[in-house]
Amino acid sequence: MSTPKIGIIMGSKSDLSVMAEAASILEELEVPFEVTIVSAHRTPHRMMEYAEKARDRGIQVIIAGAGGAAHLPGMVASITTLPVIGVPVKSSNSIDGWDSVLSILQMPGGVPVATVALNGAKNAGILAAQIIGSTDQTVAGKLQTYKDEMREKVEEAAQKIEIMGYKGGKIGF
Ligand code: RP5
């Protein structure tokens, strides 16, 4: 794969099952990415180094996932001028996910993190691709195909329901 344009980082290997969805959609859209573990609390110097060097390595967007006291996306955003997309993870140390969401969402003015839904790594991948696609026509084309296919699937399902009819709590297919 060519030089990664998107950096996917997460606070722990336990976040990987969620964060893998960002990698999957980027694979589908053929946007080069890298994946690694960077913990704000357990490896703060590694986090600083990653955020400081990402732009010079060719990274254009950082997707950062963390759970509980989820400081990674905000701290990375405090260091880099790259756009940072935060993925709140419902982790083992999260009470019910709200701690992860609010830790990433409620950033102070001047330091934005584009926060997606709880465990919303797929959307983080799509949003990162859309940022790249704002200037890259090839990626924009892949995104258009993705959207067209999504629309067609819904339209097909709608047609089936309309043809086969609603059957007392069961959809007709
Ligand atoms: C966070 O703590 C990580 O991002 C992870 O979501 C959570 C739990 O980490 P582990 O104890 O499973 O390594 O920093």
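First, a word on scope: everything that follows refers to the structure included in this document.

Conventions we followed
Residues numbered from 1 in each chain as written. Predicted model: local features only at pLDDT ≥ 70, side-chain atom pairs only at ≥ 80, totals over all residues. Heavy atoms only, no water. Helix = DSSP H or I, 4+ residues; strand = E, 2+ residues; numbered from the N terminus. Expected span 1.5 Å × (residues − 1). Buried < 20%, exposed > 50% of the residue type's maximum accessible area, 1.4 Å probe, protein only. Near = heavy atom within 4 Å. Polar contact = N/O pair within 3.5 Å; in protein donor to acceptor, adjacent residues only side chain to side chain. 1 Å grid on protein atoms, 1.4 Å probe; cavity = no way out; pocket = protein on both sides within 12 Å on 5 of 7 lines; lining within 4 Å. Sits in = over half its atoms within 2 Å of the grid points. Pairing = 2+ DSSP bridges. Right-handed = clockwise from strand over helix to strand, strands pointing away.

### Remarks on helix H5 (residues 121–133)
Thought 1: Given a rise of 1.5 Å per residue, 13 residues ought to cover 18 Å, and the 18 Å separating the end C-alpha atoms of H5 matches this to within 8%.
Thought 2: Along H5, the residues classified as buried are Ala121, Ala124, Gly125, Ile126, Ala128, Ala129, Ile132 and Gly133.

### Notes on the site of the ligand
Thought 1: Contacts to the ligand come from Gly11, Ser12, Ser14, Asp15, Arg42, Ala66, Gly67, Ser91 and Asn93.
Thought 2: In the environment of the ligand, an oxygen atom lies 2.6 Å from a nitrogen or oxygen atom belonging to the side chain of Ser14.
Thought 3: Residue Asp15 places a side-chain N or O atom 2.5 Å away from an oxygen atom belonging to the ligand.
Thought 4: One can see that the ligand is located within the largest pocket.

### Considerations on the side chain of Thr80
Thought 1: Looking at where Thr80 falls in the secondary structure, it is placed in the loop between helix H3 (72–79) and strand S4 (84–89).
Thought 2: A relative accessible area of 11% places Thr80 in the buried class.
Thought 3: There is a polar contact of 3.0 Å between the side chain of Thr80 and the backbone nitrogen of Leu82.

### Re the pairing of strand S3 (residues 61–67)
Thought 1: Buried residues dominate S3, accounting for seven of its seven residues.
Thought 2: Of the two faces of S3, the one holding Val61, Ile63, Gly65 and Gly67 and the one holding Ile62, Ala64 and Ala66 are both buried throughout.
Thought 3: Bridge count between strand S1 (residues 6–10) and S3: five bridges; the pairing is parallel. When the bridges of S3 are listed, Ile9 appears paired with Ala64.
Thought 4: Pairing geometry for S3 and S4, over six bridges, is parallel. Opposite Ala64, over in S4, you have Gly86 as the bridge partner.
Thought 5: Considered for its hand, the β-α-β crossover made up of S3, H3 and S4 is right-handed.

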